[in-house]
There are 2 protein chains.
Amino acid sequence: MKKELNHITKLIGDKKLTDKLLEGKFGLEKENVRVDKDGRLALTPHPEALGDKNTHPYITTDFSESQLEMVTPPLDTIAELNDFIATLHDIVTENIGEELLWTQSLPPILPDESKIPIARFGEKGRDKETYRELLSRIYGKERQLISGIHFNFSFSDDLLRVLHDALGKENDFASFKEVIYFRLVRNLMRYRWLLIWLFGKSPKTEDSFKVKSFTSDSYESVHCPKGISLRNCRTGYRNKEDYYIDYSNTESYHQSIRALVNSGKLSFDKELYHPVRVKYLDQDPQISHIELRLLDLDPLEKTGISETSLYFFHLFAIYCLFLNEKSNFNKDEQIIANANHDLVACFGLEDDMEISLFTGKLIKAHERVLTFINEMSDFVNKNGLLKNEQYQSAFEKVKDIVKNPEKRAANYISKEIEQKGFIDFHLKQAKIYKNETLKKGFNFYGLEDMELSTQLLLKAAVLRGLNFQVLERTANFIKLENDEKIHYIKQATQTSLDNYSSVLLMDNKQLTKKLLKENGISTADGKQYFDLKTANDDFGCFENQAIVIKPNTTNFGMGITIIKNNNDRKIYKRALEIGFENDETVLIEQFIEGDEYRFFVISNRVEGILNRVPANVVGDGKKSIKELVVKKNDNPIRGKSYRSPLEKLNLGEAESISLASQSFDFNTIPPKNEIVYLRENSNISTGGDSIAVTELVHQSYKDIAVKAAKALNVSITGLDMIIKDSTVPATPDNYCIIELNSNPAIHIHCYPHEGVRQKLNERILDALGF
Amino acid sequence: MKKELNHITKLIGDKKLTDKLLEGKFGLEKENVRVDKDGRLALTPHPEALGDKNTHPYITTDFSESQLEMVTPPLDTIAELNDFIATLHDIVTENIGEELLWTQSLPPILPDESKIPIARFGEKGRDKETYRELLSRIYGKERQLISGIHFNFSFSDDLLRVLHDALGKENDFASFKEVIYFRLVRNLMRYRWLLIWLFGKSPKTEDSFKVKSFTSDSYESVHCPKGISLRNCRTGYRNKEDYYIDYSNTESYHQSIRALVNSGKLSFDKELYHPVRVKYLDQDPQISHIELRLLDLDPLEKTGISETSLYFFHLFAIYCLFLNEKSNFNKDEQIIANANHDLVACFGLEDDMEISLFTGKLIKAHERVLTFINEMSDFVNKNGLLKNEQYQSAFEKVKDIVKNPEKRAANYISKEIEQKGFIDFHLKQAKIYKNETLKKGFNFYGLEDMELSTQLLLKAAVLRGLNFQVLERTANFIKLENDEKIHYIKQATQTSLDNYSSVLLMDNKQLTKKLLKENGISTADGKQYFDLKTANDDFGCFENQAIVIKPNTTNFGMGITIIKNNNDRKIYKRALEIGFENDETVLIEQFIEGDEYRFFVISNRVEGILNRVPANVVGDGKKSIKELVVKKNDNPIRGKSYRSPLEKLNLGEAESISLASQSFDFNTIPPKNEIVYLRENSNISTGGDSIAVTELVHQSYKDIAVKAAKALNVSITGLDMIIKDSTVPATPDNYCIIELNSNPAIHIHCYPHEGVRQKLNERILDALGF
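Note that the structure is predicted; figures quoted are calculated from it, not measured. (Residues numbered from 1 in each chain as written. Chains lettered and ligands numbered in written order. Predicted model: local features only at pLDDT ≥ 70, side-chain atom pairs only at ≥ 80, totals over all residues. Heavy atoms only, no water.)

1. Section: the overall build of chain A
Right, so step 1: Within chain A one finds 25 helices and 27 strands.
Right, so step 2: By principal-axis analysis of the C-alpha atoms, chain A measures approximately 100 × 60 × 55 Å.
Right, so step 3: For chain A, restricting intrachain contacts to residue pairs at least 6 apart in sequence, the fraction spanning at least 24 positions comes to 72%.
Right, so step 4: Approximately 30900 Å² of chain A is accessible, and the part contributed by carbon and sulfur atoms is 48%.
Right, so step 5: One finds the centroid of the 102 positive side-chain charges in chain A at a distance of 2 Å from the centroid of its 113 negative side-chain charges. (Helix = DSSP H or I, 4+ residues; strand = E, 2+ residues; numbered from the N terminus. Contact = heavy atoms within 4.5 Å. Areas by Shrake-Rupley, 256 points an atom, 1.4 Å probe, with all protein chains shown as cover. Lys, Arg positive; Asp, Glu negative; His and termini not counted. Charge placed at Lys NZ, Arg CZ, Asp CG, Glu CD.)

Right, here's the structure in full:
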């Protein structure tokens, strides 16, 4: 069969096979040690906010208590992988307080070895602790602190089945799969030095960094002249000696590793630190995926790994499947491959360094890389693997590096370390990334087209280690799940906690008011209209009064107009028309003077209060209202359609009517420091500002909000209340409830314009019992 | 104050007072004995379906187990009162099996007295039984079986407050109210003979009917020459002798009744069978309302009482408040009033009968009636009390009777009895009314504008003795309540039993299918489109296939078109347009051949299955499709907008497209007996026929329906399934689920076109825990 495999390239003429070749599952495991603001290893426990490291599927610790490990689930595309690790990185960053994530594989400033904390797993994880204690005795804690990235990869079963049909008929599918993957592993092992040569990013260590010697009781430094990946060098993250494994098939693979354990050279199978591992799930005898373990953290990337490298790894893995091989990667080949690995790790930045071909002949590494990448270029082009722009761009970047080896990141990192010092350079990077996250890390990358509330809920779900699935992106419909329960959630707040009829009551403003009144809660008085004519004929009833004209059942302030002291029939009629465009029933209510507050109630607790200020601009004496709006909208925190913490201000009809009632128009130039309100309604969705005042509002209003939610038997609601003075106790006359919303946004509370952020995403998960 | 009261008429010049005069609360208590098909008193127990007679607020028994009593709650208008008693009458009729409600106050064929069953109330109602046994000893069971109607009435507090402000300042409001009501009662007592003269309806008894004599051990017949209301005559439903009560005020009223009890003349206060009672609620010292007790059942009305008489009673009561009085209704006046009452009851149909004026002078009854009604006419006209058409019409009818006394119902009843016999005449009436109810008694009268499903749920609620409130008529939003719980319900099936996210899942057809598939349930495959152009460009994919084009989230079959073997781009495009008119997302699915079934699931049980047949007509070889549709729509069971068991067939665009795909149009004349389907979709809402097959469908499909409901965690749903052959077990290939509806109608199961009715209204109340 080997012979046929050497010719499978011919098969790929078929377009469908090309598509299938790019399919697969992709995962990352990434370690970052936590450091304090000065670049010292953090000696604090794994932050509680990050959950139980024993069971968390995405966030745990590796060897040390200070060594965070982030794990993605298997994902369908490299793009998703890149987005998920970026999101996970933000989530972790947001939950480690003042500490920073160390941006380099090689450790920061370390305390005495005795003070480096081994990860603690408690009663349930006693075995894990014992294993780590054993490791620290063999390898020393310093070596174990060297961090890295593992890239997990599998082909799609669809592809393997097509290949099996064409080539592997004499074997069953499981055996064929084994043949394929071991061939891939052997080639990855053979040519792994290329990845180090291209992507090595740990050229220098902190001056005092030393690791335990395997041969004596002393400590030795991890320093190589022109090293590109000290993590991968002989004194880096390695076993005591080189072990040779039989990579023929699953049986031989397991047997040769077992032999090492039986001979006492390794304590456990997993102690074999080879750069490529074959992975099996639980008791499943079939190969699950391949793990590529030699990747350094990239200090030049916030997430520690560039998209370019991920796309390239994928292409490299595909190419390795098709690379012809002449032997079964016997010990002689392994010796050469190991030597090349070590040479490149330690001398990779030297221009003329040489590596060995499997013939034993020496060749300049750069020359071999050029040949390899040229051949690979032919392969990927011929087989259409670059048809996707992202793959193409990644491959172009690698070709550029190959042409100009001085462009390799390690060169830049090396120089920066020389100039700024190892600690200062990496610390500066860490601080830049931390600030970026804290300032605008509100997105769930890859899902930015979903409502921000849903993105934030998903982030909280990841933080809690829940499984999640986006059921329908446009509808913001997701599924959250753990071992115990499943919840389907729309728009972050539409959950199974609320019942059908309560939602219908909330959505009917008249009925809401009726029930609230029956419960002794103040509401705005008003009249209901079913047609434009009748409402329009009642102009006289509302002339020169302050009124709100709004559709009976709508949300987000759509179709709501507030008119004060108006005696223009046309303005009144147009506001009615806007209302009727949004519903068959329109309400006209007295406009209550006071500030508008949004109370967010979850399970009979007020979890957040915003004072909502209508869309406004502040005059500078020069710019027109229109220009001021354009300027205010320039702030990246303002977006469109609930994808950002705040919404852009509009220059629409409602704004025009509101300005007209103040005798302004869009071209009016307001005096300096004068605040001009563009709308009467203060919804954030129409450009309003959100001021978080959860702790500042008098308790009596919170009690009323909870009473209102109880009256309608509602679990999650955004309740709008007008309050004359929120610091004095409520009386029947100094407040009124406008409505209860059945799909309130949470992002406005998580990221207010001003005031204390409330983690409503977490509170919703609490309420859901996660 | 009496003096001022004599002039309160002057106050009514004020329009607002007129409106207030007509306001009030109105109630009825009505007794009907149950009889078998031959007009014999039913000796069966009070039907279980009618609930617990100890506690039921609307349905109980009076003296005898066979003597049903229907009680309305206090209602705001006479119209509501009339509607409620009609509905209650239907509800009772539907739940007494083959038995009939006796249409006459005077009893049907009775068995031996010993066999007439006293009402049984069980452990809890031991006192009630003891009281009835006492009554049977004093009055004889035959007399107690005489049934009647009590009209309960109160003025609005608003009116009384206005009068109090104008007239009664020297008293507090409670005392003023007492003054008003006792004045009313005295005048009602004085002029009650008029009501008997006008509305008496028990002129004859069954030949053998006799009542126990108060003076001897014998039995005497209840026969009067030219009697108009034998129930009201001396041998009718009366105390042993005339008792004189002090009608001055609450204290004197209570005292004089107490004195009768203390002297042993009465056993209890309530044993005083006076024609007008002053009513107090529980321990409340204030008067609640006035009870007018002298009304006969009207055999000429299904409900036993005509709307005309109810409106007239109301006007009569108002007029009696304003009728001047010269004394406090002392014993002399009471003797005259009692005499007039007896005379009219026993001789009311005699042309020249006379009654006494309070001066003692005799006058022809007819003459006095003419004067009275003329004066009353002046009053009601002058004070605008007839501005409402119903009051006007009622008063006109009474004036006509007064002018032509031979038109009084008692004359007609009397003649009918003479011709057909007492039993046969009343039995015939009873059977007519019973058939009417069973055939088309689906409405909740007065709420016919609400969806039939809601009307039916309300009827079930009344049957169970629940309090109910229509919160919003147009939205079909109601509140049901008992001592233990409250439920808010929209459109009969949108309840708190379902949760928000499950409803959203149901409403999203794509997600529904996704989840069903994950649970191993077969669904229709399809494609989703977000714009017309893309969908239209895919014409080639669906050409000449059988497909369903439908909006993603809609109900009732709105916007759904089914096209078979179509190669006309225009038809395809138009169907898409119809879809996009109803939603932003349109699905195109393979049309699965088979019959369409609606499974109604409540709390994991299939409670009803309909085979839904698309709108169709059967040819007669002469009429065009259009004419056949018009004819089919003529059936009163077909209506519009879910107000009837079936919907009228349309002649719209969808029908036109469907006919075109069969090469028909509306003018095609189908051959005799050929069935032509006007739509492909079989929704009842688009004119389809409903065939109830709950017990005929193979259990495996019911299991699948329940599994589907569980998959979405849904309590109440209408699940649409295509089944190839519903008698053979389900396999993955012989059925598919189309959708789950979150607001399914129940009326189509309660009143199918064919097959066994399912009381889904009752099943929903079961599920709600009522």
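2. Comments concerning the side chain of T561 of chain A
All names here are of chain A.
Right, so step 1: Topologically, T561 is positioned in strand 17 (residues 561–563).
Right, so step 2: A relative accessible area of 4% places T561 in the buried class.
Right, so step 3: For T561, the residues in contact, after removing those within four places along its chain, are I547, V548, I549, A575, I578 and I657. (Buried < 20%, exposed > 50% of the residue type's maximum accessible area, 1.4 Å probe, protein only.)

3. Here we look at the sheet that holds strand 13 (residues 477–481) of chain B
Residues and elements named next belong to chain B.
Right, so step 1: Strand order in the open sheet made by the three strands is 12-13-14, with antiparallel pairing throughout. Because the sheet does not close on itself, it has two edges, and the strands there are strand 12 (467–472) and strand 14 (486–490). The mean inter-strand angle of the sheet, taken between neighbouring strand axes irrespective of direction, is 20 degrees.
Right, so step 2: When strand 13 meets strand 14, the two strands line up antiparallel, connected through five bridges. The residue bridging E481 from the neighbouring strand is I486, located in strand 14. (Pairing = 2+ DSSP bridges. Axes fitted to C-alpha atoms, helices over the stretch in contact; angles between N-to-C directions.)

4. Some remarks on the sheet that holds strand 15 (residues 526–529) of chain A
Residues and elements named next belong to chain A.
Right, so step 1: Strand order across the open sheet formed by four strands is 15-18-16-17, with antiparallel pairing between neighbours. For this open sheet the edge positions go to strand 15 and strand 17, each flanked by a neighbour on one side alone. Between one strand axis and the next, the sheet turns through 20 degrees on average, direction left out of account.
Right, so step 2: Sheet analysis places strand 16 (residues 547–551) next to strand 17, joined by three bridges and oriented antiparallel. Directly across from V548, in strand 17, lies its bridge partner I562.
Right, so step 3: This element, helix 17 (residues 509–518), spans strand 15, strand 16 and strand 18 (586–590) of the sheet and lies at about 45 degrees to strand 18.
Right, so step 4: Helix 20 (residues 569–582) rests against strand 15, strand 16, strand 17 and strand 18 of the sheet, and its axis sits at about 30 degrees to strand 16.

5. A word on the pattern of salt bridges
Opposite charge on two side chains allows them to pair when their charged atoms are near.
Right, so step 1: One pass over the structure, following the stated rule, counts 104 salt bridges over all chains.
Right, so step 2: One salt bridge in this structure joins K479 of chain B and E518 of chain A, with 3.7 Å as the shortest N-O distance. Of this pair, K479 of chain B sits in strand 13 while E518 of chain A sits in helix 17, on two different chains.
Right, so step 3: A residue is classified by how much of its surface remains accessible, and E518 of chain A, at 45% relative accessible area, is partly exposed. (Salt bridge = Lys/Arg side-chain N within 4 Å of Asp/Glu carboxyl O.)

6. Considering the interface of chain A and chain B
Interfaces are often sized by the amount of accessible area the parts lose when they come together.
Right, so step 1: On the chain B side, the residues contacting the 27 residues of chain A number 27 residues.
Right, so step 2: The tally of links between chain A and chain B comes to two salt bridges.
Right, so step 3: Residue composition of the side of chain A that touches chain B, by class: ten nonpolar, eleven polar and six charged. (Nonpolar A, V, L, I, M, F, W, Y, C, P; charged D, E, K, R; others polar.)

7. Some words on the relation of the copies chain A and chain B
Right, so step 1: Its rotation angle being 180 degrees, the transformation that places chain A on chain B also includes 0.0 Å of axial translation and leaves an RMSD of 0.2 Å. Here the two chains are linked by the operation of a two-fold rotation axis. Measuring from the rotation axis to each C-alpha of chain A, the shortest distance belongs to N499 of chain A, at 2.1 Å.
Right, so step 2: When the interface residues of chain A are mapped onto chain B, 100% of them again lie at the interface, so the same face is used by both copies. (Least-squares fit on C-alpha atoms with pLDDT ≥ 70 in both.)

8. Comments concerning the confidence of the model for chain A
Right, so step 1: Predicted confidence across chain A gives a mean pLDDT of 92, with 97% of residues reaching 70 or more.
Right, so step 2: Both confidence scores are given for the complex: pTM 0.86, ipTM 0.84. (pLDDT = per-residue confidence, 0-100.)

9. Section: unusual backbone geometry
Right, so step 1: One non-glycine residue with positive phi stands out, namely S663 of chain A, at about 60 degrees.
Right, so step 2: Within the secondary structure layout, S663 of chain A lies in the loop between helix 22 (653–661) and strand 24 (675–677).

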